[in-house]
Structure formats: C-alpha cells, structure tokens
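Results of the structural survey
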Protein chains: 2
Amino acid sequence: MDTLILPKTSIKFGLPNSRDWKVKLVYLDHAGATLYSETQMEMILKDFTTNVYGNPHSQSDTSSSTSDLVRSARQQVLEYFNASPKDYKCIFTSGATAALKLVGEAFPWTKESCFVYTMENHNSVLGIRETPESRGSSTNHHTENVKSCLPIKSFRYALSKGAAALAVDVEEIENQNGHPRNDLSSLKLSQRSAQRRSRTEILEDIPTANSLGSAYNLFAFPSECNFSGMKFSLDLVKLMKENSERALEGSPYSSGWSLINAAKGCATQPPDLARFPADFVAISFYKIFGYPTGLGALVVRTGKQLPLTCSNSS
Amino acid sequence: MDTLILPKTSIKFGLPNSRDWKVKLVYLDHAGATLYSETQMEMILKDFTTNVYGNPHSQSDTSSSTSDLVRSARQQVLEYFNASPKDYKCIFTSGATAALKLVGEAFPWTKESCFVYTMENHNSVLGIRETPESRGSSTNHHTENVKSCLPIKSFRYALSKGAAALAVDVEEIENQNGHPRNDLSSLKLSQRSAQRRSRTEILEDIPTANSLGSAYNLFAFPSECNFSGMKFSLDLVKLMKENSERALEGSPYSSGWSLINAAKGCATQPPDLARFPADFVAISFYKIFGYPTGLGALVVRTGKQLPLTCSNSS
Ligand SMILES: Cc1ncc(COP(=O)(O)O)c(C=O)c1O
Ligand SMILES: Cc1ncc(COP(=O)(O)O)c(C=O)c1O
C-alpha cells in the first residue's frame, strides 16, 4: 500500500494545512517517485521562457549557456555526495537503472572476475515463510520473498563475459543495547547456496578462490532498499575493500571495486563519499526532487586507474 | 555555421516580427535541437500543477493517470508515423541514440549476420577532396569527409557477436528532367572498399555470400542526414527487402530487417510506415518540439516474428 486514497474532489501537492483543507487525495508513494513543488515548476517555466538553451554539442552562445549549466549541475551533484571533484566525476544518465547498466557494460570483466551483490530476505518483513511446497514449485514464491534491490539484468553483460556472480546476505550484528556496533566486525556476510543462486537467473560457474589470478571484482549493494526500507551499512565499502577475505571466506571474491545503488537512499541520506569512498554511485533525480523524470547520474571515482571500456555504450 | 549571432541585449523565441523588434539573437540550430514554444511550456506547467502523476509501476489512482497518459502518447507516436497499432509498437527510450543502441543489443545477431549501413560522402558538400597526402596520414581527414549519420557505436554489440559490418554509398539516379525517377531501379548502392571500411573502426571479417546460411541481417539508414541535410529515399526499405541481391551484388547481405534513423527527418517529414513498412524507426522528441530533451522512441514492427532478445538491456 503506497497511497492512501480519500474521496477525490480536488488535488493538491504536499501536506494539507489547516487553512486549506480541500485536500482529498494524500500522496504517500515517495519511494516510487517523490513530488516536485509548485515553486520548482514555476522557476523552471521562468528559466525556460527567458533563456535559450541550445544543443550543448553545437558552437554558439546558446550552446555554451547549456554547457555552463551542465558543468554547474555536475558540481552540485558532487557536493551533494561530499565528493571532491579531484577524486570523482559525475556522468549524467537516463536514471539509476541506466547508471547501473553503464557500470555493467564498462567494467573490465574477465572470466576471473567476480560480481558480488546483496540479497535481502524479506521473510522477516512480510511474515512470509518459505514452505516445503513452494520450494520445489515452478512458481516464483522464492523471488517474491528474496529481492536484490539492484536491477540485476543490468549486469547480464558481466556474465556474458564469463564473470561469476555471487549473491550474499548481509547481517549487522547489534551490541547489547540493540544499536549497531559501528565497527567492521559487526558486519556479517553469508553466501547464498548455489541452489538459491540459480534461481536468480544469473548464475554462472563459480570458480574457487585458488583458481583465480588477480582480476577486477565488483561488489554492489543498495544504500537503502526501496521495497523494505532496510538501510545497508556504508561500512561495507571499507569491509569489501580491506577485509573481504574474512567477510567472504572461501569465495572467489578478493578485494575489488564497490558500487552503491543510491537510487532510493539518496533522497534522504546521500552517501558521504569522503567517509565511504565507493567507486560507483548510481542515483536518480526524480527520487530526490520529483521532476524531471528520466534523469539520473553515475558518480565515478577516478583516483584509481580502472580501465573502463566503452565498447558497448553509445 | 548553425547559429547567426547578432549583438545580444535580449532574447526571444521564434522569428522577430516588425512590432517587436527587440530581437538580437536569432536561433537557427534546429538541426541540433529545435525550440519549444511558450504556450507549450505554460501548458506543461498548468498540467503539472493541477494533476499528480505517480510512478506508473505502482498501484494507485496517480499511477493509473500516468499509465493512461503513456498509453495515449504511444498512440500519438504511432499516428504520427501512420503506423497501425496492429503492426507497430512504440517503445520509449532516452533518445534516438538509445533507440538505435536498443536495436543493436536486442537484434538476434549471429556470426552469419550482416549489418549494412549507409555512408555519405560529404566531399561534394564541403568541397574537400581526399588528397594523396591525407590518404596515408594518421589524422582523420577521411572520417571528417565521410559520415554515417548513424551513431555507429550503438552497433558495436552486433560486432562483438561476430556479425559482419558493411558500409554502402547510396546514389539516386535522376531522370532527364533532374527529378528522382521514383522507382526502385533508380536507387544504386555501392559497397565501400575494405580499406575504407577499416577506417570506420568497426570492420570485422566479411564473409562471402556463399559462406552464409539464412541469418538475421539488418540494413540501417537515416531518413535525413543532420550534417548535410541530404534525404535518403524511403524506397530503400522495399529495395533491401525484395531486391537486395541486385542492390548489393556479391555481398553477404541477402534480405533482412530495415531500420530508419529518423532522428533528424522526423521533425519535418516523418516516415509514412503504411507506405514504407520499415521494421525499426528511431526518433527523438526534442528534434520535433524542443522540450523535453532526453526522450525518444523506438517504433518496432511486430508483424514478423523477429526473436528480439533483451539479454543486455535493462
Ligand atoms: C533501489 C532502487 N534501484 C533502482 C531503481 C530504478 O531507478 P530508475 O527509475 O532511475 O532507473 C529504483 C527506483 O524505484 C530503486 O528504488
Ligand atoms: C541523424 C541523427 N542521428 C542521431 C542523433 C542523436 O539523437 P539523440 O540526441 O536523441 O540521441 C541525431 C541528433 O543530432 C541526429 O540528427
């Protein structure tokens, strides 16, 4: 249930206030898409009817107005994530899914690569338990309970290049007061069984740790799940970089790049990239300020020389 | 030269009229991006501040408003191309490049496939001739004179699957009055030499006609080139379907699917799909009505059972 629908006679944005009690429809689906404000729309109209923004690729005054705006927007995105322009670049995309797909396509996957992504067991949230009957059935009970909060198809390209995929569960161990312990040792990762993994459609042969040379690995997780609202600890970035052998014992994953899907999380808690220096962050603007839709970004750490390819992107 | 810049004191849309002679900047770059109208922007503001459009994937009144609008927009796109909803579907994308890339990714390429695309020799337009010196040089004289009007990178995926690529020139033979002859026999295609093709960066081994079984082939051309303004005859759709053996003698291409890049052409002359039943048409809306940018479509013919895959799209 993401919207509360009352008898509808007129529609208005935001929360009702006592003076203006005409509101009959209350919009709550901010996880799906948040609402823009009226002021925002008026300012857009004003800007667009007093200025001319040309195609940024042409050579003229109207084009350089556009280029200036785009440059300043990139800067604002980096500031929002507390990311130094020395270390990070902002690449605009058509949304978070497109940003994730871009990583999937541009990452230098090899047969030795391992792609690790988090799953979330929604049994606890939904009160649904896996029954013996559902286990063997061909319907999708399983995939309804277990979600990844990553558009996994975006990474099919990795698998077509022979990379292995590994789904993991993340558990954050609380201290005696019920608060997270706030150190890396409180994070526990467990690998899903092969059987489970095969149900995610993307399983390939999983090589063992010793069959691997050095390779480009990628660990991907959402900062917040749009389905359950569960927030993942950003310490995962550090853990998977410095201590992944302990975290994922016996797996082919040994240190690598990290990707935060912040599509949902960035609306309320943008990852602080000075504290948690992830290599890739995928975001979507309609989740933050409602309008325009169809616009997002990939924030990329440029410090380390990752040989990104663009063989399959336009 | 795509803009004419006069001393700038104020900016206004459209052409100046005699009563309102404040206009100092005349915008001519309609090939790059056309201008939206003030009325259009006001109507958008009005719509967006009186209606609430939710995420189309959710379940609520605000979501079904969005779904209804999207459905009606799809219908309008098909009508614009005189395409029957029985035969065609409209898939929204982030632009023409994304639409072309989607075809590149979803087309069932095999090692036997052949991708034929048109090149245009801009020597005639620019008055630049290939000199013996430029021929052997490492600079890009060649690629400056010869353009394809297709974002060719979108088709790298085809080549990674082993498909062959073949660039062709199209010539339309005129009758004695200097008008096109308006029959298929007036269209002449010629294959570019291997040397030329290798310069386009996408050459792979070109198999010969007899080394091929039946395979999925694709022929792609722009309805209008954004660089030279040259218009290609839409009879190419028919020619390449029915008579490609004559048209491309000795090449591995024998009948196949056709793709029109109508990014530029659709603004003034949308291809009539009832007359020229192309299989794919890529378009971009800012070329037609200026706003919003970042939105386009792929119009796909659904009649023939083409086994499109979505293994690499999101
Ligand atoms: C966690 C998460 N990932 C990805 C997406 C998809 O984002 P976009 O619509 O920008 O592709 C969403 C939006 O629902 C999301 O919440
Ligand atoms: C012939 C042609 N193809 C492709 C494009 C790219 O379109 P889009 O910006 O929608 O990707 C353009 C736009 O300049 C064009 O004129």
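Residues numbered from 1 in each chain as written. Chains lettered and ligands numbered in written order. Predicted model: local features only at pLDDT ≥ 70, side-chain atom pairs only at ≥ 80, totals over all residues. Heavy atoms only, no water.

**A closer look at the overall build of chain A**
Test applied: A run of H or I in DSSP becomes a helix once it reaches four residues, and a run of E becomes a strand once it reaches two; helices and strands are each numbered from the N terminus. Only protein chains enter the accessibility calculation, which uses a 1.4 Å probe. A residue is then buried if its area is under 20% of the maximum for its type, exposed if over 50%, and partly exposed in between. Throughout, a contact is declared for two residues whenever any of their heavy atoms are within 4.5 Å. All accessibility values rest on the Shrake-Rupley procedure with a 1.4 Å probe; residue burial counts only the protein chains present in the view.
Per the secondary structure count, chain A includes eleven helices and eleven strands. Residues classed as buried in chain A amount to 44% of the 314 residues present. A separation threshold of at least 6 residues defines the contact pool for chain A, and within that pool the share at least 24 residues apart is 67%. Of the roughly 15900 Å² of accessible surface on chain A, 51% is carried by carbon and sulfur atoms.

**Considering the packing of aromatic side chains**
So the rule is basically this: Pairing of aromatic side chains requires ring centres within 6.5 Å, counting the rings of Phe and Tyr and the six-membered ring of Trp. Pairs whose planes differ by under 30 degrees are stacked, by over 60 edge-to-face, and all others tilted.
The final tally for this structure, using the stated rule, is 32 aromatic pairs over all chains. Ring plane angle 75° and centroid distance 6.3 Å describe the contact between Phe107 of chain B and Trp257 of chain B, whose orientation is recorded as edge-to-face. Within this pair, whereas Phe107 of chain B is found in the loop between α3 (96-106) and β4 (114-121), its partner Trp257 of chain B is found in strand β9 (residues 257-261), the two being separated by 150 residues in sequence. When sorted by exposure, Phe107 of chain B lands in the same class as Trp257 of chain B, which is buried. Here the aromatic rings of Phe107 of chain B and Phe280 of chain B are separated by 6.4 Å at their centres, their planes lie at 70°, and the arrangement is edge-to-face. With a gap of 173 residues between them, Phe107 of chain B in the loop between α3 and β4 and Phe280 of chain B in strand β10 (residues 280-284) connect regions that are remote in the sequence. According to the relative accessible area criterion, Phe107 of chain B is buried, its value standing at 2%. Phe280 of chain B sits in the buried class, given a relative accessible area of 2%. Among the aromatic side chains, those forming a connected cluster through ring pairs are Phe107, Trp109, Phe115, Tyr117, Tyr216, Trp257 and Phe280 of chain A.

**Quick word on the site of ligand 1**
All names here are of chain A. Definition in use: Being near a molecule or strand, for a residue, means having at least one of its heavy atoms within 4 Å of it. As used in this structure description, the phrase polar contact means that two N or O atoms lie within 3.5 Å; if the pair is within protein, one of them must be able to donate a hydrogen and the other to accept it, and residues adjacent in sequence are counted only when both atoms belong to side chains. Under the scheme applied, nonpolar residues are Ala, Val, Leu, Ile, Met, Phe, Trp, Tyr, Cys and Pro; charged residues are Asp, Glu, Lys and Arg; polar residues are all the others, including Gly.
The local shell around ligand 1 consists of Gly95, Ala96, Thr97, Cys149, Asn226, Asn261, Ala263, Lys264, Ser284, Tyr286 and Lys287. Contact distances for ligand 1 include 2.9 Å between a nitrogen atom and a side-chain N or O atom of Asn261. Between Lys287 and ligand 1, the recorded distance is 2.4 Å, taken from a side-chain N or O atom to an oxygen atom. In isolation ligand 1 has 400 Å² of accessible area, and contact with the protein removes 83% of it. When contributions to the shell around ligand 1 are tallied by element, the ones reaching two or more residues are α3 (96-106) and α11 (286-289). When the residues that make up the shell around ligand 1 are grouped by side-chain class, the tally is four nonpolar, five polar and two charged.

**Section: the site of ligand 2**
Residues and elements named next belong to chain B. Every residue lining ligand 2 is accounted for by Gly95, Ala96, Thr97, Cys149, Asn226, Asn261, Ala263, Lys264, Ser284, Tyr286 and Lys287. Within the backbone of Ala96, an N or O atom sits 2.8 Å from an oxygen atom of ligand 2. The protein chains hide 82% of the 400 Å² of surface that ligand 2 would expose on its own. Contributions of two or more residues to the shell around ligand 2 are made by α3 and α11 (286-289).

**Some thoughts on the environment of Pro151 of chain A**
All names here are of chain A. By the secondary structure assignment, Pro151 is in the loop between β5 (146-147) and α7 (156-160). Each C-alpha atom, one on Pro151 and one on Ala98, is 9.7 Å from the other, the two residues being 53 residues apart in sequence. Beyond its immediate chain neighbours, meaning those up to four positions away, Pro151 contacts Thr97, Leu100 and Asn261.

**Structural notes on the environment of Leu45 of chain B**
With respect to the secondary-structure elements, Leu45 of chain B resides in helix α1 (residues 38-50). Along the primary structure Leu45 of chain B and Cys225 of chain B are separated by 180 residues, whereas in three dimensions their C-alpha atoms are 34 Å apart. Ignoring sequence-local partners within four residues, the contact set of Leu45 of chain B consists of Met41, Glu42 and Leu45 of chain A.

**Describing the domain arrangement of chain A**
Accessible area lost during the coming together of the parts is what is often quoted as the interface size. Residue and element names in this part refer to chain A. Quick reminder of the rule: Domain boundaries shown here were taken from an automatic or database domain assignment. Take the accessible area each of two parts loses on contact, using a 1.4 Å probe, and add the two losses: that sum is the buried area.
Per the domain assignment, the segments making up chain A are domain 1 (38-81) and domain 2 (87-130 + 153-196 + 214-301). Contacts between domain 1 and domain 2 engage ten residues on the former and 18 residues on the latter. Interface area, domain 1 with domain 2, both sides summed: about 1100 Å², of which 72% is carbon and sulfur. The three residues of domain 1 that bury the most area against domain 2 are Leu78, Tyr80 and Phe81, which together make up 55% of that side's buried surface.

**Observations regarding the pairing of strand β9 (residues 257-261) of chain A**
Residue and element names in this part refer to chain A. Heads up, the condition is: The rule for pairing is simple: two strands pair if DSSP sees at least two bridges between them.
Summarising burial for β9: five of the five residues are buried, a large majority. On β9, burial covers both faces: Trp257, Leu259 and Asn261 on one face and Ser258 and Ile260 on the other are all buried. Pairing of β9 with strand β10 (residues 280-284), which is carried by three bridges, proceeds in the parallel orientation. The partner of Ile260 across the bridge, within β10, is Val281.

**A few points about the side chain of Lys287 of chain A**
Residue and element names in this part refer to chain A. The cut-off we apply is this: When charges are counted, neither His nor the chain ends are considered; positive counts come from Lys and Arg and negative counts from Asp and Glu. The rule for a salt bridge is simple: a side-chain nitrogen of Lys or Arg has to be within 4 Å of a carboxyl oxygen of Asp or Glu.
Looking at where Lys287 falls in the secondary structure, it is placed in helix α11. Although buried, Lys287 forms no salt bridge, and the nearest oppositely charged side chain, Asp29, lies 7.5 Å from it. Apart from the residues within four sequence positions on either side, Lys287 is in contact with Ala31, Gly32, Thr34, Ala263 and Ala267.

**Comments concerning helix α2 (residues 61-80) of chain A**
Applicable threshold: A helix is expected to span 1.5 Å multiplied by its residue count minus one. Summarising the geometry, the arc corresponds to the directions from the helix axis toward the C-beta atoms.
Compared with the 28 Å implied by 1.5 Å per residue over 20 residues, the 29 Å span of α2 of chain A between its first and last C-alpha is a close match. Considered for burial, the residues of α2 of chain A that qualify are Thr62, Ser63, Thr66, Val77 and Leu78 of chain A. Across the axial projection of α2 of chain A, the buried residues extend over an arc of 155°, all falling on one side. Turned more than 90 degrees off the buried face of α2 of chain A, the exposed positions are Arg71, Gln76 and Glu79 of chain A. On its buried face, α2 of chain A sits against β3 (88-93), β10 and β11 (296-301) of chain A together with β2 (25-26) of chain B. Once α2 of chain A finishes, Asn82 of chain A follows within two positions and takes phi at roughly 50°, a positive value.

**A few points about the pattern of salt bridges**
Per the counting criterion, the structure on display carries twelve salt bridges over all chains. Across the pair Lys101 of chain B and Glu105 of chain A runs a salt bridge, and its minimum N-O distance is 3.2 Å. Note that Lys101 of chain B is positioned in helix α3 and Glu105 of chain A in helix α3, a pairing that runs across two chains. For the pair Lys101 of chain B and Glu105 of chain A, a shared accessibility class is recorded, and that class is buried. The residue Asp279 of chain A makes a salt bridge to Lys241 of chain A at a minimum N-O spacing of 3.0 Å. Residue Asp279 of chain A is located in the loop between β9 and β10, and its partner Lys241 of chain A is located in helix α9 (residues 235-242); the two are separated by 38 residues in the primary sequence. With a relative accessible area of 1%, Asp279 of chain A lands in the buried category. On the basis of relative accessibility, which here comes to 24%, the residue Lys241 of chain A falls in the partly exposed class.

**Brief notes about the state of the cysteines**
Residues and elements named next belong to chain A. Under the convention used in this document: Any pair of cysteine sulfurs within 2.5 Å is marked as a disulfide.
Within the structure shown, the criterion is met by zero disulfides over all chains. You can see Cys90 has no disulfide; the closest cysteine sulfur is in Cys266, sitting 12 Å from it. In this structure Cys90 comes out as buried when scored by relative accessible area, which is 5%. A relative accessible area of 0% places Cys266 in the buried class.

**Focus: the confidence of the model for chain A**
Note: predicted coordinates in regions of low pLDDT should not be interpreted at a detailed level. All names here are of chain A. Filter applied, for reference: pLDDT is defined as a per-residue confidence score from the predictor, taking values between 0 and 100.
A residue-level look at chain A finds 71% of positions with pLDDT of 70 or above and a mean pLDDT of 76. Here residues 1-18 is modelled with pLDDT under 50, and outside its nearest four sequence neighbours on either side it reaches 42 contacts, counting other chains as well. Throughout residues 194-212 the model reports pLDDT below 50, and contacts reaching past four residues in sequence, or to other chains, amount to 42 contacts. Scored as a whole, the predicted complex attains pTM 0.81, and scored at its interfaces, ipTM 0.80.

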